[in-house]
Amino acid sequence: MTKFFDLSNFRGDLFGGLTAGVVALPLALAFGEASGAGPIAGIYGAIIVGFFAALFGGTPSQISGPTGPMIVVFAGVFASLSGDVSLVFATVVLAGLIQILFGILGFGQYIRLVPYPVVSGFMSGIGCIIIALQLARLMGHQPQGGGTIPALMEIPNALSDPNFGALAIGLLTLGIVFLWPARWNQVIPSPLVALVIGTLVGVGVSNLPVLGAIPTGFPEFIVPAFSSETLLIVMEAALILAILGSIDSLLTSLVADNMTRTRHHSNRELIGQGTGNMVAGFFGGIPGAGATMRTVVNIRTGGSTKLSGIVHSLLLLAVVLILAPLAEMIPHAVLAGILVKVGYDIIDLSYLKRAHKGPRFDLILMVMVLSLTVFVDLITAVIAGVVVAAVAF
């Protein structure tokens with residue numbers, strides 16, 4: 001038992017886990033809605049991935065759950081497979097198995113060797129995609145079809161015929177998440193404030209797109225399925241999710257190491273993340289990875305062991321069992337505003353600001369990967385970036 005639970009920092013882990021869970025709640029709802037699987041799938045993903053990644057992972061202070069990069073890929077899979085849950089979540093299960101295999105084969109130490117401009121480019125590209133997907137929703141419109149291009153094509157329609165109630169609440173949400181003072185954020189996270197205030201204001205607004213009824217209780221078991229027509233899509237998407245989730249998690253592990261002056265076990269972390277995603281796929285949870293913001297919040301409020309990640313998951317489970325009916329009045333525009341801030345935070349602005357001082361090639365490589373990520377696909381962007389960087393080196 002001591003392998004899994006360290007009670008020496010019980011008070012700190014309790015407060016850290018509870019605070020991380022509060023931060024995770026609005027993000028899980030928003031990611032679930034953006035994925036196409038529904039807000040409850042986001043909560044299930046946060047609960048299951050967060051629990052099993054904490055239990056079996058190699059970064060004790062890390063909080064795992066749905067992240068922006070993972071949702072961009074998963075939403076594309078959900079759309080390409082027409083929302084067939086047995087096929088969609090077979091992709092998540094397979095991605096988890098691939099991550100476990102990465103850990104067993106010792107790939108954890110090599111994934112970090114991806115050149116920084118490539119990592120910066122695809123993370124920034126994902127941030128741009130998240131923002132593009134939410135702009136029309138901020139104005140009360142729903143893009144027709146999945147992907148970046150349909151979302152961008154819907155923006156002119158949204159601008160010409162906005163839902164003014166949704167737009168007002170969306171702007172209110174953006175104002176809160178962008179202008180909320182940093183010192184207040186340590187006490188009450190801005191996404192939660194935006195979620196509560198935006199929902200309360202939305203109650204008095206007519207003709208406002210809202211989430212609607214959300215299931216309560218425990219998730220149902222989903223039997224994964226494969227078909228010859230969709231096998232290639234499932235395999236490719238699972239590989240992308242596995243690689244992206246591994247990189248995302250290990251980068252967050254490095255952040256946690258720097259804050260706690262510890263050293264994570266990269267291969268064990270991949271096994272923990274893979275276990276979380278595999279189990280999430282069986283129960284309709286969207287895939288996740290190590291979440292930087294939630295991990296930082298956890299560490300700053302005292303969390304340092306696996307117990308904090310488990311407490312974070314248990315809090316979200318209590319919300320599902322008790323408070324889910326209250327979430328049906330949350331406006332889409334509120335979640336869109338929260339996700340715009342998530343996308344903005346993912347964009348590597350610090351690198352862009354100092355890029356002119358570094359090698360010109362690094363900037364060109366970063367922009368190339370960013371463009372391929374937004375307009376082609378993630379796996380092409382990463383492979384092209386790594387190959388070009390290797391040739392140049």
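Residues numbered from 1 in each chain as written. Predicted model: local features only at pLDDT ≥ 70, side-chain atom pairs only at ≥ 80, totals over all residues. Heavy atoms only, no water.

A. How the structure looks around the overall build of the chain. Helix and strand content of the chain: 18 helices and two strands. Relative to its 393 residues, the chain shows a buried fraction of 55%. Considering only contacts in the chain between residues 6 or more positions apart, those separated by 24 or more positions represent 83%. Entry remark: accessible area of the chain is about 17000 Å², with carbon and sulfur atoms responsible for 69%. Placing the 16 positive and 17 negative side-chain charges of the chain at their respective mean positions leaves the two points 17 Å apart. (Helix = DSSP H or I, 4+ residues; strand = E, 2+ residues; numbered from the N terminus. Buried < 20%, exposed > 50% of the residue type's maximum accessible area, 1.4 Å probe, protein only. Contact = heavy atoms within 4.5 Å. Areas by Shrake-Rupley, 256 points an atom, 1.4 Å probe, with all protein chains shown as cover. Lys, Arg positive; Asp, Glu negative; His and termini not counted. Charge placed at Lys NZ, Arg CZ, Asp CG, Glu CD.)

B. Layout of the packing of helix 2 (residues 39-56) against helix 12 (residues 266-282). The contact between helix 2 and helix 12 brings their axes to 7 Å, and the two run at 150 degrees. Relative to helix 12, helix 2 is oriented roughly antiparallel. Note that helix 2 runs across helix 12; the crossing there is right-handed. Each of I48, V49, F52, A53 and F56 in helix 2 lies in contact with helix 12, whose residues at this interface are R268, G272, Q273, T275, G276, N277, V279 and A280. Residues that form the contact of helix 2 with helix 12 fall into these classes: seven nonpolar, five polar and one charged. (Axes fitted to C-alpha atoms, helices over the stretch in contact; angles between N-to-C directions. Parallel < 35°, antiparallel > 145°, perpendicular 65-115°, else oblique. Left-handed = near helix turned anticlockwise from the far one by under 90°. Nonpolar A, V, L, I, M, F, W, Y, C, P; charged D, E, K, R; others polar.)

C. Structural context of empty space enclosed by the protein. Using the criterion set out here, one finds one cavity of 30 Å³ or more in the structure. Counted as a void, the largest cavity has a volume near 60 Å³. Lining of the largest cavity is provided by F31, A34, G68, I71, V72, I130, L133, Q134 and L339. Listed by contribution, the elements that provide at least two residues to the lining of the largest cavity are helix 1 (10-35), helix 3 (68-80) and helix 6 (116-138). When the residues that make up the lining of the largest cavity are grouped by side-chain class, the tally is seven nonpolar, two polar and no charged. (1 Å grid on protein atoms, 1.4 Å probe; cavity = no way out; pocket = protein on both sides within 12 Å on 5 of 7 lines; lining within 4 Å. Points joined across faces, edges and corners; volume = space filled by probe spheres on them.)

D. Expanded view of the packing of aromatic side chains. Summed over all chains, the structure comprises 10 aromatic pairs. A ring pair is formed by F74 and F89, whose centres lie 5.8 Å apart and whose planes are at 45 degrees; its orientation type is tilted. Here F89 lies in helix 4 (residues 85-104) and F74 lies in helix 3, a separation of 15 residues in the sequence. Like F74, the residue F89 is buried in the burial classification. Note on W180 and W184: the rings are 5.2 Å apart at their centroids and 75 degrees apart in plane angle, and the pair reads as edge-to-face. In this structure an aromatic cluster arises from ring pairing among F51, F52 and F56. (Phe/Tyr/Trp six-rings, centres within 6.5 Å; stacked < 30°, edge-to-face > 60°.)

E. Seen up close, the nonpolar core. Ranked by internal contacts, the top residues of the largest apolar core, which has 89 residues, are F122 and L378. Broken down by element, this core gets its largest block of residues, nine residues, from helix 11 (residues 231-260). In this structure L378 touches V73, F122, I126, I240, L244 and T373, once residues within four positions along its chain are discounted. Within the second largest apolar cluster, six residues are counted, among which are L138, L174, A336 and I347. (Core = buried A, V, L, I, M, F, W, Y, C linked by side-chain atoms within 4.5 Å.)

F. A look at a nonpolar patch on the surface. The grouping of L101, I104, L105, F107, Y110 and L113 at the surface amounts to a nonpolar patch, some 650 Å² of accessible area in total. Mapping F107 onto the fold places it in the loop between helix 4 and helix 5 (108-111). A residue is classified by how much of its surface remains accessible, and F107, at 34% relative accessible area, is partly exposed. (Patch = residues over 30% accessible without salt bridge, like charges linked within 9 Å, V, L, I, M, F, W, Y side chains within 5 Å. Salt bridge = Lys/Arg side-chain N within 4 Å of Asp/Glu carboxyl O.)

G. Layout of the layout of surface pockets. By volume, the largest pocket is sized at about 1200 Å³. Looking at the largest pocket, it is lined by 44 residues, and the ones nearest its centre are T292, M293, V296, D345 and I346. At six residues, the largest contribution of residues to the lining of the largest pocket is made by helix 13 (residues 292-300). Space inside the second largest pocket adds up to approximately 860 Å³. Taken together, 39 residues form the lining of the second largest pocket, with V72, A75, G76, V77 and G147 sitting closest to its centre.

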